[in-house]
Amino acid sequence: MSAELVFVLLGGALLLAALLPQLLHRYALSAPIVLVATGMVVGLLPATETVRLDPVAVRPWIEHLTEVTVLVALMGVGLALDRPLRPRLRASWASWSPTWRLLGIAMPLTIGGVALLAWGPLGVALPAAVLLGAMLAPTDPVLASDVQVEGPSGEGAEEDLDEHDEVRFALTSEAGLNDGLAFPFVWAAVFLAAGVPAAEQLGAGGVLRWVAWELVGKVVLGVLVGVAVGWLLARLAFRAPRRSLRLAEVGDPLLAIAAFLLVYGLAEFAHGYGFLAVFACAVTLRSVERRHEYHQHMHQTVERLERLLTLVVLLGLGFAFTNGLLANLDWRGVVVGVSLVVVIRPVAGYLSFLGHRRQVGTAGLDHRERLVVAFFGVRGVGSIYYLAFAAGAASFAEERWMWSTVGFTIALSVLVHGVLATPAMGWLEGRRRRRARRRREQPAEPG
């Protein structure tokens, strides 16, 4: 492919990315669908027929590109949430109840469901089956913009600022946290694939060490580093003693980019989970002066960077679909992808809300809202990163098959969820408007 053609394709793709949100917001067709389709068309052009994208050969590039893309998305998601999380208030924890249920119940059920399906009926080796469950379980903060909150609103009084769309809040906060929480299970797959010494560690003592360090220790470290860095940056941006240091008044939104790079590096240096640290940093930064317009400026900057990175990833993904990525796909991979999107995630998501009551003053989802939250577990860039990371840390005989399976699953998720997101969200919003209208029309009870 000539350099001139590369410039033409990238310029046209950027123009397409700028126009798509304006053209598609009224239709049941998401921007990721069009971008992936565009990449597929580019891959079929005669000028690109000699180009082959082998994910195994370019794995390090894929790992770093998807890593940065997820980091940017996590920073944006954390800044976008209006709902506060105040650790000292029980009511604040209760307002995040849908998130905790999706993380603590739906995610482990999804990991277990995919792993058992692959290992049992489909005959996939145990390390690859565990990795398949771990990398496909997290919902994606990159490709799920159609079902997530729009961004920091800054409206209303400080104490009243909150998310009013429980469905979007649940899906957004879940995507912000579950990327980091998948890492312990990715490491479990790496240990299993590393050979006999690592397998021996997964005895009783090994399991305890895995729980204490991989599942708990690194999570706590990541969150603590994120909160600490977020608090320090917030003090600097909003309350520094010198005005020249108060970036919120100066108006430079690049603090958001500096924040996720800094906190990710520090968390990984401390052996904590960097993805969790970035989200915790963003939420902590957002919690200070929550009505300040500086949060909107930071979010807009991160959002533009995310759109650019997402554009590159989706075009590359579409290009790979027509240039060998699906070459190793078989019926087992199709079964895994279809089962995850249509059965495993929806069932696990709905089961996580059993016993969850809608109460005054706390978050709650009715029956139809639970169905939507359970179904819209979008798969995407995070799954690609986890596969590239794990395959670089250990050898998996099924690596090429897993690349094809993950590619197929993401394509299916982009298509199914992308087509249904707009009508589903519109349906829920219509129900809310009708309920609000009925409440206004009800006659007041006599005093």
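Residues numbered from 1 in each chain as written. Predicted model: local features only at pLDDT ≥ 70, side-chain atom pairs only at ≥ 80, totals over all residues. Heavy atoms only, no water.

1. Thoughts on the packing of helix H7 (residues 166-181) against helix H16 (residues 367-375)
Packed helix pairs are characterised by how far apart their axes lie and by the angle those axes make with each other. Where H7 contacts H16, the axes come no closer than 10 Å and their chain directions differ by 30 degrees. In terms of orientation, H7 lies roughly parallel with respect to H16. Classified by chirality, the crossing of H16 by H7 is right-handed. Contacts between H7 and H16 involve Val167, Ala170 and Leu171 from the former and Glu369, Val372 and Val373 from the latter. (Axes fitted to C-alpha atoms, helices over the stretch in contact; angles between N-to-C directions. Helix = DSSP H or I, 4+ residues; strand = E, 2+ residues; numbered from the N terminus. Parallel < 35°, antiparallel > 145°, perpendicular 65-115°, else oblique. Left-handed = near helix turned anticlockwise from the far one by under 90°. Contact = heavy atoms within 4.5 Å.)

2. Here's the deal with the packing of aromatic side chains
As enumerated under the stated definition, the model contains 18 aromatic pairs in all. Each member of the aromatic cluster is reached from another via a ring pair, and the members are Phe183, Trp187, Phe191, Tyr264, Tyr273, Phe275, Tyr385, Tyr386 and Phe389. When the ring centre of phenylalanine 169 is taken as origin, the NZ or CZ atom of arginine 83, which lies over that ring, is 4.0 Å away. The aromatic ring of tryptophan 401 is capped on one face by arginine 332, whose charged end is 4.7 Å from the ring centroid. (Phe/Tyr/Trp six-rings, centres within 6.5 Å; stacked < 30°, edge-to-face > 60°. Lys NZ or Arg CZ within 6 Å of the ring centre and 35° of its normal.)

3. Looking at the pattern of salt bridges
Taken as a whole, this structure holds 12 salt bridges when the rule is applied. Of the charged contacts, one joins arginine 168 and aspartate 165 as a salt bridge, the two residues approaching to 3.4 Å between their closest N and O atoms. Judged by relative accessible area, which is 15%, arginine 168 ranks as buried. A single salt-bridge network, built from bridges that share partners, covers Asp165, Arg168 and Glu429. (Salt bridge = Lys/Arg side-chain N within 4 Å of Asp/Glu carboxyl O. Buried < 20%, exposed > 50% of the residue type's maximum accessible area, 1.4 Å probe, protein only.)

4. Focus: unusual backbone geometry
With a phi close to 70 degrees, histidine 271 is a non-glycine residue in the positive phi region. Position of histidine 271 among the secondary structure elements: in the loop between helix H12 (255-269) and helix H13 (274-287). With a phi angle near 50 degrees, glutamate 289 is a residue other than glycine that sits in the positive phi range. Here glutamate 289 lies in the loop between H13 and helix H14 (294-321).

5. Examining a positive patch on the surface
The grouping of Arg433, Arg434, Arg437, Arg438 and Arg440 at the surface amounts to a positive patch. Relative to the helices and strands, arginine 437 is located in helix H18 (residues 399-441). (Patch = residues over 30% accessible without salt bridge, like charges linked within 9 Å, V, L, I, M, F, W, Y side chains within 5 Å. Areas by Shrake-Rupley, 256 points an atom, 1.4 Å probe, with all protein chains shown as cover. Lys, Arg positive; Asp, Glu negative; His and termini not counted. Charge placed at Lys NZ, Arg CZ, Asp CG, Glu CD.)

6. What to know about the side chain of glutamate 398
Residue position: glutamate 398 is located in the loop between helix H17 (381-393) and H18. Put simply, glutamate 398 is tucked away with no salt bridge, and the nearest opposite charge, on arginine 332, sits 6.7 Å away. Aside from chain neighbours lying at most four places away, what touches glutamate 398 is Ala125 and Ala128.

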